[in-house]
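# Summary of the model geometry
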Amino acid sequence: MTRVTRKTVTVLFCDWVGSTALGEVLDAESVRGVQDAFAAEASGAVERHGGAVEKFIGDAMMAVFGVPLAHEDDALRAVRAAVELRDAVAALNVRLERQYGVRLAVRTGVSSGEAVAGDPTTGQALITGDVVNSAQWLEEAAGAGEILIGEITYRLVRDAVVVESVEEPASARRLLGVLTEAPAFVRRLDAPLVDRERELGPLRASFERVRGAGPGHFVTVFGTAGVGKSRLVNELLVQAAEHATVLEGRCLPYGEGITFFPLRSVVRQAAAIDAETPPEAARSRIAELVADDPSAATVADHLAATVGFSDAPVSTEETFWAVRRLLESLARQRPLVLSFDDLQWAEETFLDLVEYLGEQTREVPFLLVCMARPELLDERPTWGGEDPSTAWLRLEPLSPADSEELIDNLLAEGEVAEDAKRALAEAAEGNPLYLEEILGMLVDDGTLRQEDGRWRIGDLLSVRVPPTIEALIAARLDRLPPEERSVVDTAAVMGKWFRGRGLAELTGDPALPARLDALTRKELIRLEPRSWGEPAYEFRHILIQDVAYRSLPKGRRADVHERFALWVTETYGARVREVEEIVGYHLEQAYRTRAELGRDDLRLAVRAASVLASAGRRALNRGDAPAATNLLQRSVALPGADAHARLGRMLDLARALRERGDLGGAENVLEEAKAAAAELEDRRLEARMSVERCYLRFFTDPRAWTEEALRTADGAIETLEEFGDDVGLADAWILVALYEYARCRIAEMERALDPALRHARRAGDPRQISTLRNAMTRAALVGPTPVERAIARCVEIASEQPQDRSLEAVTLGVRALLEAMRGQFEEARLLYGRSHSILDELGQYRLLAAMRTYAGTAELLAADWLAAERELRASADALGEIGDQANLSTTTAYLADALERLGRDDEAFELTLVSEETASEQDAASQVLWRLARASLHAKRGQLAEAQALALDADRLAAETDALNLQGDAALRLGEVLLASALRDEAAAAMQRAVERYEAKGNLVSAAAARRALASSFPGARA
Ligand SMILES: Nc1ncnc2c1ncn2[C@@H]1O[C@H](COP(=O)(O)OP(=O)(O)OP(=O)(O)O)[C@@H](O)[C@H]1O
Ligand SMILES: [Mg+2]
């Protein structure tokens, strides 16, 4: 199997300047000699740092770091190689000058980026990708002797290099030098340590035991890269330093003679040797350290040789022995703590030394602390042995709360918005290094920025994996055996969670269980704790999945997506509807990935669109408008679908958008769809579109709506009857019902609901039936049905479609208002609270706003003006934002009432203007209510003529409806205004009428209020 992968690599391009000039002064044979010398230096530098020379082209060389295996520090390796080559050429020049009287000057470009790596066994080019061009381009832009590095390379090595900016290209930097031994990017120690008490406790206890002259102790801290091993141990070392000698060594990932490198720094620290100390002095200082040892001189000789102060031959056994004697000497003088970091990179011999020291130095106060990534266990499954005085500590990710605390600490200057914090903590999944790097990247690219002293986050979806983290993970994945790697890659296409059965099918790997065990042990995946039945796995970190996914060549990625979709479809058989979202997603990705390769597989696009549409429609039917919008939008965005089918989907999409409260978006979709339908001369769809558009217009432009609605509905009904389109007919009749509802002619409305229900039943469309039930509930609320019966009706309606949560929410909201009418305010609050939380959860913001208007009205009945204001204002704000003018005009009129009660008359007056301006002529409730609110305000100011005129108008308008409460409200208010005008008889009659209307409705609260008004003004009156 050829293995082509996509990965981030670093490319080094270098060339000499003026080689033609060289040809003019030198014989061809000598030029050849120079070329060879340069080539030898160049490939030597590259290979010493683990890179691969791709090719020499004339005087130029191209080398790649990261193939066949990626390392986390590939970019740093490339940069080091470039500097080494530049220095080597300087040395070479001395010789050339002497021999030929010429000098070379080298220009270098280094660039990192994504590339496709070929299979090295087939003799293909190592890599293909833009990064090659950009490295060459940087090389050409560099001056003689200069090294230019690109943007991503810089990000990857920023803390290890000295650079300056250049004019052109602006994203590049001129490399001045590399710090020796520096890691590519510095870990931050500035933020306070978060938590880790649970791990620090045992470490401290070990130290205390050792210090109290207990036996020596050997601890290894295991954990994945960046989880905080070094930081944790550093905390211990700082505290221990007060009472003990503390020495530290760390292993390097590569290099010549690195076996005892960690030991070298330990000896240097212990004996206070620095770069200036002459070798002989170094040896004698070591001898002084072990002065109490009878074999002091031999120990010092061996150690000096081991760490490079003499060339005397020394065997491994002698080294081990000498190190042990040194440590024992030191520990006898003062308790000793020795730490070795990054043991996963240690050479075999060094690991042997560490284990030997752990076992052999038990008699003295000596604590040995090692740190390693879990990879160490691949090399040494029995690391640390079984000895009781050795211990293991496994460092797990930080908890979400701790991650959030760390975010606060890292972004110290300024508060962090809660949602930003949560999103960041989630992205990093408890790995502090990931968190630091993600934060750094987001701040750099402006996704995370401060506004008025608060950190806010932009679009997290566009966040990439920081290159530093990508390099870490890619290096881990590259080290997997090919079979395990193939499992990881395939699983990454399936998702963050995956099940063994699907994976077995896709990989065809008979040894899959063993591979999954190995990957679990290597901490790349874990068993999903909540899984039941067949075990499910998840990637330990979303970034691991992401890096693995992107490493897979697009061609194969698309194949796996498609095969997985097929497999799921077959496995689920008749139950495939349950997993349509998943199938649709994979088909869509298969199509899109292939399209990126220039292969437009329309057959796939068509299938994907149809499955997504079906999933979208189902989401719409269960009232999940946000999901429906997402799915339908993706469906119509795919090419190739049958034009008629696509139009039907656009209609569904418009509905989903309307239900979400995106009325503008819905209108745009309909506009486009309607034009397309006209072009197709599809009269049926056109009729359905115009009904939907008219429905939408009711909310967005109620003033222009009126008669047009009826005309549209009538026309559509005619056309649709021709086609026998029950769904369309039901919609058209719903439009008629809505029209009558707006006019508050509930009997007429109910007459239109009959044929609507008949057609909807015949079409078997649950969404329509739900809409109709919703309408019936409203009819029961507004119309002449008495409260008790209306409540029973709500309960009954909800029970007819128990799984329909948005219908449930509407019935609860309506019941709340009905309960308030009979004085059950606590019950009302309970009911509307439940209603709101359901709608909020469903993302049905338009319905939520409508229900809050009911809640506000219920609070008006309860005479809790502040609560009424709260609900009505929230509703009005939402309606305004959504663009639902129809409901807004009613809500603002009620809100004006609430504010008038609170004595905020000016605000109230303003609101009556808003209501008047937005209300449709046909909208009886709004027309009555704004007049009533304004009449009260006028009356308060003593403008009685105006007040009377408005109240009379309102009363007349209300009389044309069969909305009993509305009639009661109008009559009561008219009574109050007339009373103020000293028209006592008329006033009494109007109030009397109000009592009757309210009582007919069963609105006990308003009836009592009207009766009180009557009794206080007309003590003798009977009501
Ligand atoms: N508990 C913590 N509180 C605050 N910062 C932490 C904590 N743990 C780790 N960090 C920070 O996270 C970064 C990564 O931690 P550290 O370098 O210790 O990881 P590591 O496990 O040693 O990784 P590697 O395997 O790459 O060496 C560091 O900048 C460190 O300061
Ligand atoms: Mg570390």
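This section reports on the structure supplied with the text. Computed from a predicted structure; not experimentally measured.

With that settled, the discussion passes to the overall build of the chain. Helices and strands together make up the secondary structure of the chain, namely 44 helices and 19 strands. Taking 2.2 N^0.38 as the reference for a compact globule, 1023 residues should give roughly 31 Å; the C-alpha atoms of the chain span a radius of gyration of 39 Å, well beyond that estimate. In terms of its C-alpha atoms, the chain occupies a principal-axis envelope of roughly 125 × 70 × 55 Å. The buried share among the 1023 residues of the chain stands at 56%. Considering only contacts in the chain between residues 6 or more positions apart, those separated by 24 or more positions represent 68%. Here the chain has roughly 43,000 Å² of accessible surface; of this, 50% comes from carbon and sulfur atoms. The distance from the centre of the 121 positive side-chain charges to the centre of the 167 negative ones in the chain is 4 Å.

The next subject is the nonpolar core. Formed by 251 residues in total, the largest nonpolar core has its most connected members in Leu12, Phe38, Leu424, Leu477, Phe498, Trp705 and Leu818. Excluding anything up to four places from it in sequence, Trp705 contacts Cys694, Arg697, Phe698, Leu735, Leu738, Tyr739 and Ala742. Within the second largest apolar cluster, 47 residues are counted, among which are Val267, Val323, Leu338 and Leu368.

Here the focus is the sheet that holds strand 15 (residues 448-451). Strands in a sheet are paired, the pairing made by backbone hydrogen bonds, and the direction either parallel or antiparallel. Across the sheet, which stays open at both edges, the three strands sit in the order 14-16-15 with mixed pairing between neighbours. Both outer strands of the open sheet, strand 14 (415-416) and strand 15, are each paired with one neighbouring strand and no more. Across four bridges, the pairing between strand 15 and strand 16 (residues 454-457) is antiparallel. Bridging across to strand 16, Leu448 finds its partner in Ile457. Sheet strands touched by helix 15 (residues 418-428): strand 14, strand 15 and strand 16. Its angle to strand 16, the strand with the most contacts, is close to 55°.

A full pass over the atoms with the stated rule returns 88 salt bridges. Here Glu999 ties to Arg1011 by a salt bridge, and the two come within 2.1 Å at their closest N and O atoms. A residue pair is termed long-range when its members are at least 10 positions apart, and Glu999 in helix 43 (residues 984-1001) and Arg1011 in helix 44 (residues 1004-1017) qualify at twelve residues. Judged by relative accessible area, which is 42%, Glu999 ranks as partly exposed. Here Arg1011 falls in the partly exposed class, since its relative accessible area comes to 28%.

A few words now on the site of ligand 1. Near ligand 1 there are 20 residues, and of these Arg188, Val194, Gly226, Lys229 and Glu436 occur at the shortest range. Residue Asp342 places a side-chain N or O atom 3.5 Å away from an oxygen atom belonging to ligand 1. Within the side chain of Glu436, one N or O atom sits 2.7 Å away from an oxygen atom of ligand 1. Protein chains shield 97% of the accessible area of ligand 1, which is 620 Å² for the free molecule. Looking at the shell around ligand 1, the elements that each hand over two or more residues are helix 7 (229-240) and helix 16 (432-444). Counted by class, the shell around ligand 1 contains eight nonpolar, four polar and eight charged residues.

Moving on, we get to unusual backbone geometry. The step from Val67 to Pro68 runs through a cis peptide bond, and the omega angle for that step is -10°. Secondary-structure assignment places Pro68 in the loop between strand 3 (60-65) and helix 3 (74-100). In this chain, Glu168 is followed by Pro169 through a cis amide linkage whose omega measures -10°. If you trace the backbone, Pro169 turns up in the loop between strand 7 (161-165) and strand 8 (173-178). Here Arg196, not a glycine, exhibits a phi torsion of approximately 65°, which is positive. By the secondary structure assignment, Arg196 is in the loop between strand 8 and helix 6 (197-211). Exposure remark for Arg196: the relative accessible area of 5% places this residue in the buried category.

To continue, consider the side chain of Lys522. With respect to the helices and strands, Lys522 occurs in the loop between helix 20 (512-521) and strand 18 (525-527). A distance of 2.8 Å separates polar atoms of two side chains, one belonging to Lys522 and the other to Glu484. The residues touching Lys522, leaving out its near neighbours within four places in the chain, are Asp378, Arg476, Leu480, Pro481 and Glu484.

To continue, consider the packing of helix 19 (residues 500-507) against helix 22 (residues 554-572). Look at helix 19 against helix 22: their axes get within 10 Å of each other, and the N-to-C directions meet at 125°. Classed by the angle they form, the pair helix 19 and helix 22 counts as oblique. Crossing hand, helix 19 versus helix 22: right-handed. When helix 19 is examined against helix 22, the residues Arg501, Gly502, Glu505 and Leu506 are found in contact with a partner set consisting of Val560, Arg563, Phe564, Trp567 and Thr571. Taken together, the residues of the contact of helix 19 with helix 22 break down into four nonpolar, two polar and three charged.

Another point: the sheet that holds strand 17 (residues 497-499). The strand order across the open sheet built from three strands is 17-19-18, with neighbouring strands paired in antiparallel fashion. Each edge of the sheet is formed by a strand with only one pairing partner; in this case those strands are strand 17 and strand 18. The average angle at which neighbouring strand axes cross in this sheet is 30°, direction not considered. Of the strand pairs in this sheet, strand 17 and strand 19 (residues 536-539) are connected by three bridges, and their pairing is antiparallel. Paired with Arg499 across the bridge in strand 19 is Ala536. Packed onto the sheet, helix 18 (residues 482-494) meets strand 17 and strand 19 and runs at close to 115° relative to strand 17.

This part covers the packing of aromatic side chains. Under the counting rule described, the total for this entry stands at eleven aromatic pairs. Their ring planes at 70° and their centres at 6.5 Å tell us that Phe260 and Phe350 sit as a pair that is edge-to-face. A residue pair is termed long-range when its members are at least 10 positions apart, and Phe260 in the loop between strand 10 (245-250) and helix 8 (261-271) and Phe350 in helix 12 (residues 348-360) qualify at 90 residues. Of the residues examined, Phe260 reaches a relative accessible area of 17% and is grouped as buried. A relative accessible area of 0% places Phe350 in the buried class. Aromatic rings pair up to connect Phe260, Phe340 and Phe350 into one cluster. It is Arg557 that lies over the ring of Tyr549; its NZ or CZ is 4.8 Å from the centre.

Here we come to the environment of Met441. Among the secondary structure elements, Met441 is positioned in helix 16. Considered as a pair, Met441 and Pro467 are 26 residues apart in the sequence and their alpha carbons are 9.1 Å apart.

Another aspect to go through is helix 40 (residues 924-940). Helix length check: helix 40 (17 residues) gives 25 Å between terminal C-alpha atoms against 24 Å at 1.5 Å per residue, within 8%. Burial of helix 40 is extensive: 15 of the 17 residues sit out of reach of the surface.

What follows is about the pairing of strand 12 (residues 366-372). Most of strand 12 is tucked away, with seven of its seven residues classed as buried. For strand 9 (residues 217-222) and strand 12, the ladder comprises six bridges, and the chain directions are parallel. By the bridge assignment for strand 12, Phe222 is matched with Ala372. Pairing geometry for strand 11 (residues 336-341) and strand 12, over five bridges, is parallel. Considered in strand 12, the bridge of Leu338 is made with Leu368. A crossover connection joins strand 11 to the parallel strand 12 through helix 12; in handedness this β-α-β unit is right-handed.

So, about helix 34 (residues 805-821). Counted at 1.5 Å a residue, the expected span for helix 34 with its 17 residues is 24 Å, and the 25 Å between its end C-alpha atoms agrees. Taken across its 17 residues, helix 34 has 15 buried, putting it largely inside the fold. Of the residues flanking the start of helix 34, the one acting as N-cap is Asp804, its side-chain oxygen 3.2 Å from the backbone nitrogen of Ser806. Downstream of helix 34 by one or two residues, Gly823 has phi in the positive range, about 85°.

What counts and how
Residues numbered from 1 in each chain as written. Chains lettered and ligands numbered in written order. Predicted model: local features only at pLDDT ≥ 70, side-chain atom pairs only at ≥ 80, totals over all residues. Heavy atoms only, no water. Helix = DSSP H or I, 4+ residues; strand = E, 2+ residues; numbered from the N terminus. Rg over C-alpha atoms; globule rule 2.2 N^0.38 Å. Buried < 20%, exposed > 50% of the residue type's maximum accessible area, 1.4 Å probe, protein only. Contact = heavy atoms within 4.5 Å. Areas by Shrake-Rupley, 256 points an atom, 1.4 Å probe, with all protein chains shown as cover. Lys, Arg positive; Asp, Glu negative; His and termini not counted. Charge placed at Lys NZ, Arg CZ, Asp CG, Glu CD. Core = buried A, V, L, I, M, F, W, Y, C linked by side-chain atoms within 4.5 Å. Pairing = 2+ DSSP bridges. Axes fitted to C-alpha atoms, helices over the stretch in contact; angles between N-to-C directions. Salt bridge = Lys/Arg side-chain N within 4 Å of Asp/Glu carboxyl O. Near = heavy atom within 4 Å. Polar contact = N/O pair within 3.5 Å; in protein donor to acceptor, adjacent residues only side chain to side chain. Nonpolar A, V, L, I, M, F, W, Y, C, P; charged D, E, K, R; others polar. Parallel < 35°, antiparallel > 145°, perpendicular 65-115°, else oblique. Left-handed = near helix turned anticlockwise from the far one by under 90°. Phe/Tyr/Trp six-rings, centres within 6.5 Å; stacked < 30°, edge-to-face > 60°. Lys NZ or Arg CZ within 6 Å of the ring centre and 35° of its normal. Expected span 1.5 Å × (residues − 1). Right-handed = clockwise from strand over helix to strand, strands pointing away.

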